[in-house]
Amino acid sequence: MSDPTSTPPSLDEKRASSDISVKKADYAKTDEESTSSTDVTEVLQNEHDLVTHVISLDDDPSLSPYSFRSFVLGLGLAAFGGVLAEIYYFKPQTVLVSTMFLAIISYVLGIFMETFIPQWGWFRYLNPGPFNKKENAFIVIMASAAANSALGTEVLAVQRLYYNITPGGASSIFLLFSSQLLGYGIGGLMRHVLLYPTKMLYPGVLPLISMFDAFFKDKSGNAKRLRLFYVAFTVIFIWEIFPEWMFPLVTGVSVFCLANQKSQNFTRVFGGSNGNEGLGLLSICFDWQYISGSYNPFAIPLRAQFSNLIGYILCIVVFVGVYYKNIWNAKSLPFLSQTLFYQNGTEYNQTLILNSNYEVDKTLLAEQGLPYYSATWVVQLLTTNLGMAATFTHIILWNREDISAAWKWATPSNLRKTAANFNWRFWQDEGVREMPPPEADIDPHYREMLKYPDAPNSWYILTLIASLVIAMVLIYNTHSTLPWWGLLVACFLATISVLFFGSLYAMTGLQFIIQPFVQMIGGFLHPGKPMANMYFVLFSYNSVTQAQLLLRDMKIAQYTKLPPRAAFLAQMVGTLFGSILNYIMMNSIIDNQREILLSVEGTNVWSGQQPQQYNSQAIAWGGLAHELFAHGKRYQWVAWAYVLGLFVPVPFYLAHRWWPKLRADYLYTPVICYYIGWLCVGINSSITSYFAIAWFSQWFLRTRYPRWFAKYNYILAAALDGGTQVMVFILSFAVQGASGKAHLFPQWWGANQNGNYDRCALVES
């Protein structure tokens, strides 16, 4: 019987086994050496092949990430990203500052400073020499840690806007610090499980690393890769003007809707170029922003894509079946939506069921009646919970050795060893690490990193303890209504979730959004308390997100050979600096735009739609979880999915044990379950193009042209992402309303501003 956890042998292992004259020592050496992509003549079989043949193992220890320009650019781009993210939290249109965008901008600015700052006299301290890869990685990690709106500011904004509670400045700042760093402490302590093994690939960062290699490796040997990058970057940069502004029809070309522009049923199934329009079945998308919006199809492994595809097919079948069978009153409600409705399909006014303490009033609830969700959103909630539960069983069955390794620290012998070696003078910890044995499944890039002092566990332990203690004080100081035991449950839930969902994210590149899962748990634990639910989500869901971001950034550092302590410094500085800027901007905007933010419509400059939505979700989950999802209630199967999901992976595991030739081990059952609810919101016209490109890259190119795949696949992915994101950023301010007023392209056949861009019939709401 075959081992279900076995993987195909790497190219290096094949070469070693085919050459009986190779000595063991020589093999160990070649196994760790970086192999040029031009040497690839066979298909890249597994994660080891990817990290040794696609990205460089080379390292120059003499290069330093610490320079005047790295700190100036890091702090400058962190300020840019943090301020912009918070401003656009209160805008009608969202503008995201992506990691790829920051990498390209920081490279351009770094080369500019290298070129124009003199190197003579004291200027040499400002310009120590050529701008290097470690500086660029340091800048990107610092800036990306700041370039988001901290979830804590959402909680504080809702308190100020809807509950008339304004925590003090110090309390608010430390709330942001503790909620942002709690996940860092949890994630940092799990890096030996979620970071160091080769199987923890983080495929989403490979295009970025491939771009760094092209920028900073020997230019003469990289001329063709750089040429491809610049050509693809320029072409997609120019092209994106058309789908994003001039010719939005190509966002989703639906032959079916063009043939029948009057059928609303066609719109629901085949439409998808506009938000919440339809499922986009067989639509063809030519807009890379949406094709690569969530995940780059050139980067996600085929195995994950295959499970994703199965989930997508089932999603269409289930959504259509639920709607046309009128399950959960589906036909009386919008086909795709995530808001609450009355039974007749009008939007539910949640403020009418709250008393003066902003808790759900049973009498007022009886007057208004229980709200309804659109049927497709109920399916999304159900399948999300199904996927969440399936993740636990799947990881235990297929990756139990990894999970057991995560808890080895808790054995009595290891606890005694940790206590004996723990130095409360953490700044004196030398960060020395033991060299793992040659047979250990350790990322070759990690072995290269062992020459640098580690950011030791003591740093992460102190980060975790400090964050937890501060949070324990602040849940009472900020009037959160979350009890101390609720905070501990949130932290425990976050720790378990980081281990399981972090493993799945690291291996597949697919990230589960577990916020509804956490909100439901919080709602059952703290019924009728919306604010407690917000804080429960803050310290559980946000900690999982932050842990995954930390581990992703540490993988970037590992692939670029950025020393661990430099990565730790960049993450901490970026996170703390960004949190302060988030808080300052949030207060300034609320002070000056309060009435607009509280209005339903907002303006074309400011909008309170995101805090409104966050507050509505807290009321729905925190106030109505028992009434909607408990046993015997309308949506009881959403909660029962937690139980059912635990059993989903078992038949596939047994099938592989008994009939290994069926290759049931190839399936990620949590991914299949989760993506059955994939198309519940947003623009869905890109899915067909997404899977077509994924198949072309990860199967056709990888198996038919392995040398081209190894050399060019990921640099092409980086170029397409980079060019698209730069142009979208420019268009957001120039014509799409980010600077105040939108300037739509004049009406013509390819820009149907008065209806759906793909010419599908408008569905009556």
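Heads up: the structure comes first, above all this text.
Every value quoted in this text rests on a predicted model; they were computed, and no experiment measured them.

What the protein chain contains, in helices and strands, is 32 helices and two strands. In the protein chain, which comprises 765 residues, the proportion classed as buried is 57%. Considering only intrachain contacts with a sequence separation of at least 6, the fraction spanning at least 24 residues in the protein chain is 80%. When the accessible surface of the protein chain is summed, it comes to about 31300 Å², and 64% of that surface belongs to carbon and sulfur atoms.

Another point: the packing of helix H22 (residues 457-477) against helix H26 (residues 564-598). As a packed pair, H22 and H26 sit with axes 12 Å apart at the nearest point and diverge in direction by 20°. One finds that H22 runs roughly parallel with respect to H26. The crossing of H22 and H26 is left-handed. Contacts between H22 and H26 involve Trp459, Tyr460 and Thr463 from the first element and Arg565, Phe568 and Met572 from the second. The class makeup of the residues in the contact of H22 with H26 is four nonpolar, one polar and one charged.

We now examine unusual backbone geometry. With the exception of glycine, the majority of residues adopt a negative phi angle, and the majority of peptide bonds are in the trans configuration. Its identity is not glycine, yet asparagine 164 carries a phi of approximately 55°, on the positive side. Relative to the elements of secondary structure, asparagine 164 occurs in the loop between helix H7 (151-162) and helix H8 (169-189). Among the residues examined, asparagine 164 registers a relative accessible area of 59% and is labelled exposed. The backbone phi angle of tryptophan 328 is positive, close to 55°, even though this residue is not glycine. Here tryptophan 328 is to be found in the loop between helix H16 (302-324) and strand E1 (340-341).

With that out of the way, let us pick up the state of the cysteines. Tallying each qualifying case throughout the model produces one disulfide. Paired through a disulfide, cysteine 257 and cysteine 760 show a sulfur-sulfur distance of 1.8 Å. Measuring handedness by torsion sign, the sulfur bridge of cysteine 257 and cysteine 760 sits at about 90° and is right-handed. Pair noted here: cysteine 257 is in helix H13 (residues 255-259) and cysteine 760 is in the segment after helix H32 (706-734), with a separation of 503 residues, a long-range link. For the pair cysteine 257 and cysteine 760, a shared accessibility class is recorded, and that class is buried. The closest cysteine sulfur to the non-disulfide-bonded cysteine 315 is located on cysteine 680, 7.7 Å from its own sulfur.

Together, Trp637, Trp640, Val643, Leu644, Leu646, Phe647, Val650, Leu654, Trp658, Trp659 and Leu662 give the surface a local cluster of nonpolar side chains, amounting to about 1100 Å² of exposed area. Put simply, the parts of the chain that give the nonpolar patch at least two residues each are helix H28 (636-645) and helix H29 (649-658). Looking at the nonpolar patch element by element, the count peaks at four residues for H28.

For the pair helix H24 (residues 515-525) and helix H27 (residues 609-629), the least separation of the axes is 8 Å and the interaxial angle reads 60°. Taken together, H24 and H27 sit at an angle that is classed as oblique. Taken as a pair, H24 and H27 cross one another with a handedness that is right-handed. In this structure, H24 uses Gln515, Pro516, Gln519, Met520, Gly523 and Phe524 to contact H27, whose residues at the interface are Tyr614, Gln617, Trp621, Gly622, Ala625, His626 and Phe629. Taken together, the residues of the contact of H24 with H27 sort by class into seven nonpolar, six polar and no charged.

On to the nonpolar core. In this structure, Met211, Tyr373 and Phe539 are the most contacted members of the largest nonpolar core, which totals 209 residues. When residues in this core are grouped by element, the largest group, 17 residues, is from helix H25 (residues 530-560). Apart from the residues lying within four places of it in its own chain, the contact partners of tyrosine 373 are Leu333, Gln338, Thr339, Leu340, Val378, Ala620, Trp621, Leu628, Phe629 and Tyr635.

Attention now goes to the environment of glutamate 86. Looking at the element boundaries, glutamate 86 is found in helix H4 (residues 68-89). Through-space distance from the C-alpha of glutamate 86 to that of isoleucine 589 is 9.3 Å; in sequence the pair is 503 residues apart. In this structure, glutamate 86 is in contact with Ser149, Ala150, Thr153, Asn582, Met585, Met586 and Ile589, ignoring residues within four places of it in sequence.

The end-to-end C-alpha distance of helix H23 (residues 484-508) is 35 Å, a good match for the 36 Å that 25 residues give at a rise of 1.5 Å each. Along H23, the helix axis deviates most sharply at valine 498, where the bend reaches about 30°. Counted residue by residue, H23 has 19 buried out of 25 residues, so it is predominantly covered. Downstream of H23 by one or two residues, glycine 509 has phi in the positive range, about 85°.

For helix H18 (residues 375-398), built from 24 residues, the straight-helix expectation of 34 Å at 1.5 Å per residue is met to within 8% by its first-to-last C-alpha distance of 33 Å. At alanine 390, H18 shows its strongest bend, of approximately 25°. H18 sits mainly inside the fold: 23 of its 24 residues count as buried.

So, on to the packing of aromatic side chains. Throughout the structure, instances matching the rule amount to 60 aromatic pairs. On the numbers, 5.0 Å between centres and 85° between planes, the contact of tryptophan 245 with phenylalanine 745 is edge-to-face. Pair noted here: tryptophan 245 is in helix H12 (residues 241-246) and phenylalanine 745 is in the segment after H32, with a separation of 500 residues, a long-range link. Over the ring of tyrosine 668 we find arginine 303, and its NZ or CZ is 4.3 Å from the ring centre. Above the face of the tyrosine 372 ring, arginine 634 is positioned so that its terminal group lies 3.6 Å from the ring centre.

What the rule picks out here adds up to 11 salt bridges. Where aspartate 59 meets lysine 134, a salt bridge forms, and the shortest distance between an N and an O atom there is 3.0 Å. Here the residue aspartate 59 occupies a position in the loop between helix H3 (47-53) and H4, and lysine 134 occupies one in helix H6 (residues 133-146), the gap between them amounting to 75 residues. Taking the relative accessible area as the measure of exposure, lysine 134 reaches 2% and is therefore buried. Between aspartate 665 and arginine 663 there is a salt bridge, with its nearest N and O atoms 2.9 Å apart. When salt bridges with common partners are traced through the structure, they connect Asp59, Lys134, Glu448 and Lys451 into a single cluster.

This paragraph deals with the environment of leucine 50. Here leucine 50 is to be found in helix H3. The buried category is assigned to leucine 50, whose relative accessible area is 4%. Separated by 156 residues in sequence, leucine 50 and leucine 206 place their C-alpha atoms 9.1 Å apart.

Attention shifts here to the environment of leucine 182. Along the chain, leucine 182 falls in helix H8. Expressed as a C-alpha distance, the spacing of leucine 182 and serine 540, which sit 358 residues apart in the sequence, is 9.2 Å. Dropping the residues within four chain positions of it, leucine 182 is found in contact with Leu464, Ser467, Leu468, Cys491, Phe539 and Ser543.

In this section: the side chain of serine 179. The residue serine 179 is located in helix H8 in this model. In this structure serine 179 comes out as buried when scored by relative accessible area, which is 0%. Polar contacts involving the side chain of serine 179 include one to the main-chain carbonyl oxygen of leucine 176, which spans 3.2 Å.

Basis of the calculations
Residues numbered from 1 in each chain as written. Predicted model: local features only at pLDDT ≥ 70, side-chain atom pairs only at ≥ 80, totals over all residues. Heavy atoms only, no water. Helix = DSSP H or I, 4+ residues; strand = E, 2+ residues; numbered from the N terminus. Buried < 20%, exposed > 50% of the residue type's maximum accessible area, 1.4 Å probe, protein only. Contact = heavy atoms within 4.5 Å. Areas by Shrake-Rupley, 256 points an atom, 1.4 Å probe, with all protein chains shown as cover. Axes fitted to C-alpha atoms, helices over the stretch in contact; angles between N-to-C directions. Parallel < 35°, antiparallel > 145°, perpendicular 65-115°, else oblique. Left-handed = near helix turned anticlockwise from the far one by under 90°. Nonpolar A, V, L, I, M, F, W, Y, C, P; charged D, E, K, R; others polar. Disulfide = S-S within 2.5 Å. Patch = residues over 30% accessible without salt bridge, like charges linked within 9 Å, V, L, I, M, F, W, Y side chains within 5 Å. Salt bridge = Lys/Arg side-chain N within 4 Å of Asp/Glu carboxyl O. Core = buried A, V, L, I, M, F, W, Y, C linked by side-chain atoms within 4.5 Å. Expected span 1.5 Å × (residues − 1). Bend = angle between axes of the 7 residues up to and from the residue. Phe/Tyr/Trp six-rings, centres within 6.5 Å; stacked < 30°, edge-to-face > 60°. Lys NZ or Arg CZ within 6 Å of the ring centre and 35° of its normal. Polar contact = N/O pair within 3.5 Å; in protein donor to acceptor, adjacent residues only side chain to side chain.

Geometry only, nothing functional implied.
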